[in-house]
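So you can see what is in the structure, the chains are spelled out below.
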Amino acid sequence: FELLFLVANFELGVMKLILIRHGEAVPAVNGDDNNRPLTGRGQAQAVLTAKYVTEQCQPDLFVVSPLLRAQQTLAALQQHFPDVPTVVYDGIKPDDHSQPALEWLSNLQQQSVVVVCHMNVIAYLAGLLQQDDPESFHLAEARVFEQPVIAAGLSIELDRFIPKLA
């Protein structure tokens, strides 16, 4: 009976995961990478990406890096979904390894999760999800994945969005 219940949940429960790289940020000053704000262009990119995400899903959870540029990119999305809870996760900064991040994400129970973070961790995370080579993300690019659970090799990329500014 338990096995049938698990199989039924597996077939019905499809999780959506959207990975977003932050928008364009100002260069680091005196080596301070943590507090780099978005440029005006980066803010415009974040707005376009947020609009795209609103057309893809109703998020259940936002996960974001503690770095300012990721926080500001997420802020554009939070304007559309002010009641969605946000978790600041320290393991998705630029130099972090993707495997621990994937393991952490695999423990989430929400059906629709949006993650905003950085190169290189996001490219490696996307690669792990599909058991493929990492592929660079453009600034403020969003990639939509679907999977029964968040785990290596179980995801299918449904779509990607790269904001185009004039």
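Reading the values: the criteria
Here the residue index of a chain counts from 1 through its sequence in written order. Owing to the predicted nature of the model, reporting of local features is limited to residues with pLDDT of at least 70; listing and counting of side-chain atom pairs is limited to 80 or more, with chain, interface and lining totals taken over all residues. Only hydrogens and water are removed before side-chain values are computed, so all heavy atoms of the structure are retained for them. Only Phe, Tyr and Trp rings take part, Trp by its six-membered ring, and two of them pair if their centres are within 6.5 Å. Stacked means planes under 30 degrees apart, edge-to-face means over 60, and tilted covers everything else. Put simply, DSSP marks the helices as runs of H or I at least four residues long and the strands as runs of E at least two long, and each gets a number from the N terminus on. For every residue, the accessible area obtained with a 1.4 Å probe (protein chains only) is divided by the maximum for its type, and the residue is called buried under 20%, exposed over 50%, and partly exposed between those limits. When a carboxyl oxygen of Asp or Glu lies within 4 Å of a side-chain nitrogen of Lys or Arg, that pair is called a salt bridge. Disulfides are defined as pairs of cysteine sulfur atoms found within 2.5 Å of each other. Whenever a helix is involved, its axis is fitted only over the stretch in contact; in every case the axis is a line through C-alpha atoms, and angles between N-to-C directions fall within 0 to 180 degrees. Under this scheme an angle from 65 to 115 degrees is roughly perpendicular, one under 35 degrees roughly parallel, and one over 145 degrees roughly antiparallel; angles in between are oblique. Two helices crossing with the near one rotated counterclockwise from the far one by less than a right angle form a left-handed crossing, whereas a clockwise rotation gives a right-handed crossing. Contacts are assigned to residue pairs that have any heavy atoms within 4.5 Å of one another. Under this grouping Gly is polar, as are all residues other than the nonpolar Ala, Val, Leu, Ile, Met, Phe, Trp, Tyr, Cys and Pro and the charged Asp, Glu, Lys and Arg. Grouping buried Ala, Val, Leu, Ile, Met, Phe, Trp, Tyr and Cys residues that are joined through side-chain atoms within 4.5 Å yields what is termed a nonpolar core. A pair of strands is labelled paired if DSSP reports no fewer than 2 bridges between them.

Draft legend 1. A look at the packing of aromatic side chains. Counted under the stated rule, the structure contains three aromatic pairs. Seen in terms of ring centroids, Tyr-52 and Phe-161 are 4.6 Å apart; in terms of plane orientation they differ by 10°. Their pairing is stacked. Of this pair, Tyr-52 sits in helix 2 (residues 40–56) while Phe-161 sits in strand 6 (residues 156–161), and the two are 109 residues apart along the sequence. No difference in accessibility class separates Tyr-52 from Phe-161, as the two residues are buried.

Draft legend 2. Seen up close, the pattern of salt bridges. Evaluated as defined, the whole model comprises eight salt bridges. Among the ionic pairs, Asp-90 bridges to Lys-93, the shortest N-O distance being 3.3 Å. On the basis of relative accessible area, Asp-90 is assigned to the partly exposed category, the value being 49%. Put simply, Asp-96 and Lys-93 hold a salt bridge, and the shortest N to O gap is 3.3 Å. Among the residues examined, Asp-96 registers a relative accessible area of 23% and is labelled partly exposed. Here the residues in one salt-bridge network are Asp-33, Arg-36 and Arg-69, joined through shared partners.

Draft legend 3. A look at the state of the cysteines. Taken as a whole and assessed by the stated rule, the structure comprises zero disulfides. Summary of cysteine pairing: Cys-57 is not part of a disulfide, and the nearest cysteine sulfur, belonging to Cys-117, is at 16 Å. Judged by its relative accessible area of 13%, Cys-57 falls in the buried class.

Draft legend 4. Up close: the packing of helix 2 against helix 3 (residues 68–78). Where helix 2 contacts helix 3, the axes come no closer than 8 Å and their chain directions differ by 45°. As the angle between them shows, helix 2 and helix 3 are arranged oblique. As helix 2 packs across helix 3, the resulting crossing turns out to be right-handed. Residues Ala-46, Val-47, Ala-50 and Val-53 of helix 2 pack against Thr-73, Ala-76 and Leu-77 of helix 3. The class makeup of the residues in the contact of helix 2 with helix 3 is six nonpolar, one polar and no charged.

Draft legend 5. Quick peek at the nonpolar core. Counting residues in each nonpolar core, the largest one holds 24 residues, and the members touching the most others are Leu-17, Leu-19, Val-63, Ile-92 and Val-115. Broken down by element, the residue count for this core peaks at six residues, all from helix 5 (residues 121–130). Contact partners of Leu-17, with chain neighbours within four places excluded, come to Val-113, Val-115, Leu-129, Arg-143, Val-144, Phe-145, Gln-147 and Ile-150.

Draft legend 6. Seen up close, helix 5. The buried fraction of helix 5 amounts to seven of the 10 residues, a majority that puts the element mostly inside the structure. Buried within helix 5 we find Val-121, Ile-122, Ala-123, Leu-125, Ala-126, Gly-127 and Leu-129. Summarising the contacts, the buried residues of helix 5 are in contact with strand 1 (15–21), helix 4 (98–105), strand 4 (112–117) and strand 5 (142–147). Trailing helix 5 by a residue or two, Gln-131 shows a phi angle of about 50°, which is positive.

Draft legend 7. Representation of the environment of Cys-117 in the model. Tracing the chain through its elements places Cys-117 in strand 4. With near-sequence residues (within four places) excluded, Cys-117 lies in contact with Ile-20, Arg-21, His-22, Ser-65, Ala-70, Ile-92 and Ile-122.

Draft legend 8. The arrangement of the sheet that holds strand 3 (residues 86–88) in detail. In spatial order, the strands read 3-2-4-1-5-6; together these six strands make up an open sheet with mixed pairing. Every interior strand has two partners, whereas the edge strands, strand 3 and strand 6, have only one. Averaged over all pairs of adjacent strands, the angle between strand axes in this sheet comes to 20°, irrespective of strand direction. Here six bridges tie strand 1 to strand 4, and the two strands are oriented parallel to one another. Residue pairing for strand 4: Arg-21 is matched across the bridge by Cys-117. Strands in contact with helix 3 are strand 1, strand 2 (61–64), strand 3 and strand 4; relative to strand 2, the strand with the most contacts, it is inclined by about 160°.

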